[in-house]
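Results of the structural survey
Each chain is listed here by its residues.
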Amino acid sequence: MTDDPHLRASDSDRDRVAAVLSEALATGRLTSVEHADRLDVAYTAQTVGELVPIIRDLPDVAASGVPAAIEKQVITSQFSKVVRKGRWVASRHTRLTARFGALIIDLSDAVLPGREITIETNARFSKLIVRVPGNANVIDEGSSIFGKRNVTGGSQDDGPLIRVTGSSAFSKVIVTRGKDDWNLR
């Protein structure tokens with residue numbers, strides 16, 4: 001960010017502040033309520049000067065402005081069942097790969113690093129399930145061959161945008177807001 005507090009804030013300025021807030025939540029420096037409140041202020045800020053007080057009492061993230069784990073992450077399941085749930089830091093781009101197994105990802109309590117994330121699905125002979133927050137808007141840009149792909153579009157709320165891409169073959173890919181279609185055990 002620039003030192004001039006009167007300049008208009010850019011999307012990258014807001015995303016950098018969001019990354020600092022996400023890191024602070026993940027390390028226990030902020031409660032989930034404080035994180036949500038500050039994130040709302042960050043994404044409605046119009047000037048750089050409005051962003052500075054939001055993170056003044058928090059340590060900065062990596063020199064690039066965003067930790068590498070926040071930018072890209074790969075989660076894989078081969079001949080097994082992998083479940084990721086609870087409070088964890090998701091990435092802006094998460095690649096989910098499942099081969100002859102089950103991969104279950106729960107984003108409902110996860111720390112999302114920005115207002116838009118991409119979930120890339122790659123499933124073969126598997127079951128891949130993603131649970132998204134109730135207020136998320138979901139865009140499905142993926143495909144399926146000899147399988148089932150069930151992605152619910154989303155709400156009209158001002159929640160995060162989750163873009164689902166990738167392909168599946170002989171697999172079941174489900175993006176849902178409820179727990180009724182899958183088993184977390």
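See the structure printed just above.
Residues numbered from 1 in each chain as written. Predicted model: local features only at pLDDT ≥ 70, side-chain atom pairs only at ≥ 80, totals over all residues. Heavy atoms only, no water.

1. Notes on the nonpolar core
For the record, the criterion: Nine residue types can take part in a nonpolar core, namely buried Ala, Val, Leu, Ile, Met, Phe, Trp, Tyr and Cys, and a core is a set of them joined through side-chain atoms within 4.5 Å. A simple rule labels every residue: compare its accessible area, found with a 1.4 Å probe on the protein chains alone, to the largest value its type can have, and call it buried under 20%, exposed over 50%, or partly exposed in between. We count a stretch as a helix when DSSP gives it H or I for four or more residues in a row; a strand needs E for two or more, and each element gets its number in order from the N terminus. Here, two residues are considered to be in contact whenever any of their heavy atoms come within 4.5 Å of each other.
By size, the foremost hydrophobic cluster in this structure holds 23 residues, and its most contacted members are L96, L107, L128, V130, V132 and I162. Elements represented by at least two residues in this core include exactly β3 (93-99), β4 (102-106), β5 (116-124), β6 (127-131), β10 (161-169) and β11 (172-176). No other element matches the 3 residues that β5 contributes to this core. When near neighbours in sequence (up to four residues on either side) are disregarded, L107 contacts W88, A90, L112, I117, I119, V130, R131, V132, P133 and I162. Ranked by size, the runner-up nonpolar core spans 15 residues in total, among them L21, L30, Y43 and L51.

2. Section: helix α3 (residues 48-55)
Put simply, the rule is: The reported arc concerns the directions from the helix axis to the C-beta atoms and nothing else.
Listed in full, the buried residues belonging to α3 are V48, L51, I54 and I55. All buried residues of α3 lie within an arc of 110° about the axis, which places them on one face of the element. Contacts made by the buried residues of α3 are with α1 (11-26) and α2 (32-44).

3. A few points about the packing of α2 against α3
Our working rule: Throughout, an axis means a line fitted to C-alpha atoms (over the contacting stretch in the case of helices), and angles, computed between N-to-C directions, take values from 0 to 180 degrees. Oblique is the label for every angle not falling under 35 degrees (roughly parallel), over 145 degrees (roughly antiparallel), or within 65 to 115 degrees (roughly perpendicular). In this scheme the crossing of two helices becomes right-handed for a clockwise turn of the near helix relative to the far one and left-handed for an anticlockwise turn of less than a right angle. Classification used: nonpolar for Ala, Val, Leu, Ile, Met, Phe, Trp, Tyr, Cys and Pro, charged for Asp, Glu, Lys and Arg, polar for all others including Gly.
At their nearest, the axes of α2 and α3 sit 9 Å apart, and the two run at 165° to each other. The angle between α2 and α3 falls in the class roughly antiparallel. The way α2 lies across α3 gives a crossing that is left-handed. Residues R38, V41, A42 and T44 of α2 touch α3, and the partners they reach there are E50, L51 and I54. Partitioned by chemical class, the residues of the contact of α2 with α3 number 4 nonpolar, 1 polar and 2 charged.

4. Focus on the sheet that holds β11
Spelled out, the test is: In this analysis, strands are considered paired if DSSP registers two or more bridges between them.
Read from one edge to the other, the open sheet built from 5 strands follows the order β2-β4-β6-β11-β9, with strand pairing classed as parallel. The open sheet has two edge strands, β2 (81-84) and β9 (148-151), and neither has a second partner. Taken pair by pair, the neighbouring strands of this sheet meet at an average axis angle of 5°, ignoring direction. Relative to β6, β4 runs parallel, the two sharing 5 bridges.

5. Some remarks on α2
Put simply, the rule is: Expected span, for any helix, means 1.5 Å times one less than how many residues it has.
In a regular helix each residue adds 1.5 Å, so 13 residues correspond to 18 Å; α2 covers 18 Å between its end C-alpha atoms and thus fits that length. The elements touched by buried residues of α2 are α1 and α3.

6. Quick look at a nonpolar patch on the surface
This is how the line gets drawn: Residues enter patches when they are more than 30% accessible in relative terms and free of salt bridges; like-charged ones are connected within 9 Å and nonpolar ones (Val, Leu, Ile, Met, Phe, Trp, Tyr) within 5 Å. What sets the accessible areas is the Shrake-Rupley method with a 1.4 Å probe; for residues, cover comes only from the shown protein chains. Salt bridge criterion: a side-chain nitrogen from Lys or Arg within 4 Å of a carboxyl oxygen from Asp or Glu.
Together, F79, F100, F125, I145, F146 and F170 make up a nonpolar patch on the protein surface, roughly 730 Å² of accessible area in all. Mapped onto the secondary structure, F125 falls in the loop between β5 and β6.

7. Some remarks on the pairing of β4
Within β4, 5 of the 5 residues are buried, leaving the element largely enclosed by the surrounding structure. Burial of the side chains of β4 extends over both faces: A102, I104 and D106 are buried on one face and L103 and I105 on the other. With 4 bridges joining them, β2 and β4 adopt parallel strand pairing. Residue pairing for β4: V83 is matched across the bridge by I104.

8. Side note on the packing of α1 against α3
At a minimum axis distance of 10 Å, the contact between α1 and α3 shows a crossing angle of 5°. Comparing their axes, α3 and α1 come out roughly parallel. Together, D13, R14, R16, V17, V20 and L21 of α1 and V48, L51, I54 and I55 of α3 make up the contact between the two elements. In the contact of α1 with α3, the residues fall into 7 nonpolar, no polar and 3 charged.

9. Looking at the layout of surface pockets
Operational definition: Buriedness of a pocket was judged along seven lines, with at least five required to meet protein on both sides within 12 Å; pockets are open sets of points on a 1 Å grid over the protein atoms alone, cavities are sets where a 1.4 Å probe fits but cannot get out, and lining residues have an atom within 4 Å of a point. Grid points are joined across faces, edges and corners, and a volume is the space filled by probe spheres set on the points.
Approximately 530 Å³ is the volume found for the largest pocket. Surrounding the largest pocket, 23 residues form its lining, H35, A36, L39, L112 and P160 being those nearest its centre. Tallying contributions element by element places α2 first for the lining of the largest pocket, with 6 residues. Considering only residue class, the lining of the largest pocket consists of 11 nonpolar, 7 polar and 5 charged.

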